Amino acid sequence: VIPNNILAQWVEMFRKMYPNANLLVVNNKNFCLHKRTETLNRIINEDFDAILMTYSCFDLLSLSNQYYKEFYEERLAMLDKASTSFYSKADIDRKRKSVLHLMERLQEDMSKNVCEIPFDELGINSLFVDEAHNFKNIPLRTSMKFTRGINAKGSNKCLAMLHKAHCVQANNGGRGVVFATGTPLCN
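Here's a quick rundown of the structure. (Residues numbered from 1 in each chain as written. Predicted model: local features only at pLDDT ≥ 70, side-chain atom pairs only at ≥ 80, totals over all residues. Heavy atoms only, no water.)

1. With respect to the overall build of the chain
- From N to C terminus, the chain includes six helices and four strands.
- Counting from the amino terminus, helix and strand elements in the chain follow one another as α-β-α-β-α-α-α-β-α-β.
- Counting the 187 residues in the chain, one finds 34% classified as buried.
- Expressed as a percentage of contacts within the chain between residues at least 6 apart in sequence, the contacts between residues at least 24 apart total 74%.
- Carbon and sulfur atoms make up 52% of the accessible area of the chain, which amounts to about 11700 Å² in all. (Helix = DSSP H or I, 4+ residues; strand = E, 2+ residues; numbered from the N terminus. Buried < 20%, exposed > 50% of the residue type's maximum accessible area, 1.4 Å probe, protein only. Contact = heavy atoms within 4.5 Å. Areas by Shrake-Rupley, 256 points an atom, 1.4 Å probe, with all protein chains shown as cover.)

If you want it as structure tokens, here you go:
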């Protein structure tokens, strides 16, 4: 997953390093609305060594409703288990409310989804994200207010990346995700 403005550099570098690789380059030209399903079907049905995809195209991919349902049901089950063990009821209720709020936000986002084929059905077994600092603002629960570099609300783009990374890891024994950046992360 590559920033839009450096896709050409990546294609050139990749072809130099792996001249015989079966490479698919996904950009706005072959991922526009009327070509999107065709491109996604190619990802599923053809055996590519690598797929280079721009941020803007990757952002259009979403996980299936089934994936989100299972993910958040698992989180709620973990909270229920924690409530009988060591957490205070107030903490558990706050976290449960937060998970339910995230589920509502995702349902709203899913209604805007423009892809017919969800990310979790594409068969992606590795994810390499260049300039990963662009996805650092995931929502997090913290009591620290007004701390420079911490954005507790996060962004939907970053939350979606987190879920896609978890999806790849879940299918690969916790492996298969590389976040690369030369920019220092502050949170």
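2. Side note on the environment of Asn151
- Along the chain, the position of Asn151 falls in the loop between β3 (127-130) and α6 (156-170).
- Given a relative accessible area of 32%, Asn151 falls into the partly exposed group.
- Sequence separation between Asn151 and Ile138 is 13 residues; the distance between their C-alpha atoms is 7.9 Å.

3. Digging into the packing of aromatic side chains
- Here the structure, examined in full by the defined rule, presents seven aromatic pairs.
- Seen in terms of ring centroids, Phe14 and Tyr18 are 5.0 Å apart; in terms of plane orientation they differ by 45°. Their pairing is tilted.
- The class of Phe14 is buried, set by a relative accessible area of 15%.
- Classification of Tyr18 by relative accessible area gives partly exposed; the value is 44%.
- Summarising the aromatic geometry, the rings of Phe58 and Phe119 are spaced 5.8 Å apart at their centres and angled 85° between planes, so their arrangement reads as edge-to-face. Within this pair, whereas Phe58 is found in helix α3 (residues 55-59), its partner Phe119 is found in the loop between α5 (89-111) and β3, the two being separated by 61 residues in sequence.
- Through successive ring pairs, a cluster of aromatic residues spans Tyr67, Tyr68, Phe71 and Tyr72.
- Above the ring of Phe135, the side-chain terminus of Lys157 is found at 4.9 Å from the ring centroid. (Phe/Tyr/Trp six-rings, centres within 6.5 Å; stacked < 30°, edge-to-face > 60°. Lys NZ or Arg CZ within 6 Å of the ring centre and 35° of its normal.)

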